[in-house]
There are 2 protein chains.
Amino acid sequence: MLSQTAEYALRAAVELSERYEEGPIRVDDIASRLAVPRNYLSKILHALAKDGLLRSTRGPSGGFELARPPSKIPIEDVIRPFDPGLVSGARACLLGRKACGDADPCAAHSRWGVVRAQVQSFFAETTLEKLVRRVAHV
Amino acid sequence: MLSQTAEYALRAAVELSERYEEGPIRVDDIASRLAVPRNYLSKILHALAKDGLLRSTRGPSGGFELARPPSKIPIEDVIRPFDPGLVSGARACLLGRKACGDADPCAAHSRWGVVRAQVQSFFAETTLEKLVRRVAHV
DNA sequence: TGTATTTCTCATGATAAAATGATAAATAGG
DNA sequence: CCTATTTATCATTTTATCATGAGAAATACA
């Protein structure tokens with residue numbers, strides 16, 4: 001469902017949420033815990049830092065940490081940079097029609113729209129905190 | 001959401017449904033209608049034929065046609081060969097954990113399970129006929 | 001039997017995603 | 001100031017997806 005990259009990003013974000021306020025966490029630490037390629041994860045976290053989602057600190061005792069509390073981070077913010085189509089409204093048509101909309105619907109429009117909206121609101125309403133606390137789905 | 005290949009397959013299947021019982025339809029015909037690469041579509045349709053979903057006829061007045069009526073074809077059958085992870089239960093975990101299950105759930109398990117089930121039942125319950133007739137979502 | 005038509009099959013190329021490796025830049029702490 | 005540590009950056013490789021092209025195999029029809 002998620003691209004490999006988005007999946008790594010989300011898993012790392014969950015990890016950082018679990019250790020929120022412990023100070024910066026090293027890429028090496030996260031990468032080995034998650035069994036994910038170190039340099040690749042490094043680039044992913046850097047991208048999230050540029051987005052303002054993470055804070056990065058260089059040098060000894062440096063690393064990455066969440067820039068705001070897990071309760072303030074819907075997972076769509078973690079996923080969007082790497083899987084924009086899944087999270088945003090663009091390319092919403094199951095059949096890939098650019099012009100697809102209520103006015104000019106494709107064959108799947110109404111049926112698919114319902115499901116798609118559920119997926120999108122899942123990403124919008126699920127915060128990192130809810131994941132970490134394993135709050136049941138509403 | 002769908003891979004390019006699965007999307008082409010689904011669009012072609014919708015096209016074939018609209019012209020069900022008109023006899024074999026040429027790849028060239030479908031490809032130009034859908035504005036999809038001819039040889040690429042050819043391979044996709046061939047794969048669906050090997051799966052038993054389509055019947056292919058070679059030679060003059062040949063082409064592809066649905067092997068059974070559109071009402072008997074859930075779109076998961078069209079998508080599965082090209083996007084197996086989306087449709088089947090395998091790799092159901094949002095965080096990519098192989099062992100993820102009710103007994104050993106990942107952080108997202110319960111919340112994501114609800115949404116995922118909705119997506120899967122959409123693909124299982126939506127037939128080509130429902131798409132072509134544009135029946136409203138239940 | 002011959003010819004045009006069409007799928008079948010394989011070889012190749014183009015592009016994007018995923019992963020690796022090496023070096024530069026910053027910084028904490030002795 | 002020096003050194004170890006850590007992120008930042010860039011170049012490259014690997015792998016998968018998307019796409020093109022050419023010829024082989026089958027078949028309808030004259």
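Peer 1: When you look at helix 3 (residues 38-50) of chain A in this model, what are you seeing that I'm missing?
Peer 2: Residue and element names in this part refer to chain A. Here helix 3 is 13 residues long and its end C-alpha atoms lie 18 Å apart, about the 18 Å a rise of 1.5 Å per residue gives. In this structure, the buried residues of helix 3 make contact with helix 1 (4-18), helix 2 (27-34), strand 1 (54-57), strand 2 (63-66) and helix 4 (75-79). Looking one or two places after helix 3, you find Gly52, whose phi comes out positive at around 90°.

Peer 1: Would you mind going over the pattern of salt bridges with me for this structure?
Peer 2: Oppositely charged side chains can form a pair if their charged atoms are brought close together. All names here are of chain A. For the structure shown, the criterion picks out 26 salt bridges over all chains. Of the charged contacts, one joins Glu15 and Arg19 as a salt bridge, the two residues approaching to 3.5 Å between their closest N and O atoms. Given a relative accessible area of 10%, Glu15 falls into the buried group. The shortest N-O distance in the salt bridge between Arg19 and Asp29 comes to 3.0 Å. Of this pair, Arg19 sits in the loop between helix 1 and helix 2 while Asp29 sits in helix 2, and the two are 10 residues apart along the sequence. Residues participating in the shared-partner salt-bridge network are Glu15, Arg19, Glu22, Asp29 and Arg33.

Peer 1: Please clarify how the side chain of Thr126 of chain A should be interpreted in this entry.
Peer 2: For Thr126 of chain A, the position within the fold is in the loop between helix 6 (109-125) and helix 7 (128-133). Within polar-contact distance, the side chain of Thr126 of chain A engages the backbone oxygen of Phe122 of chain A at 2.7 Å. Filtering out sequence-adjacent residues up to four positions away, Thr126 of chain A remains in contact with Ile73, Pro74, Ile75, Ser121 and Leu131 of chain A together with Arg111 of chain B.

What counts and how
Residues numbered from 1 in each chain as written. Chains lettered and ligands numbered in written order. Predicted model: local features only at pLDDT ≥ 70, side-chain atom pairs only at ≥ 80, totals over all residues. Heavy atoms only, no water. Helix = DSSP H or I, 4+ residues; strand = E, 2+ residues; numbered from the N terminus. Expected span 1.5 Å × (residues − 1). Contact = heavy atoms within 4.5 Å. Salt bridge = Lys/Arg side-chain N within 4 Å of Asp/Glu carboxyl O. Buried < 20%, exposed > 50% of the residue type's maximum accessible area, 1.4 Å probe, protein only. Polar contact = N/O pair within 3.5 Å; in protein donor to acceptor, adjacent residues only side chain to side chain.

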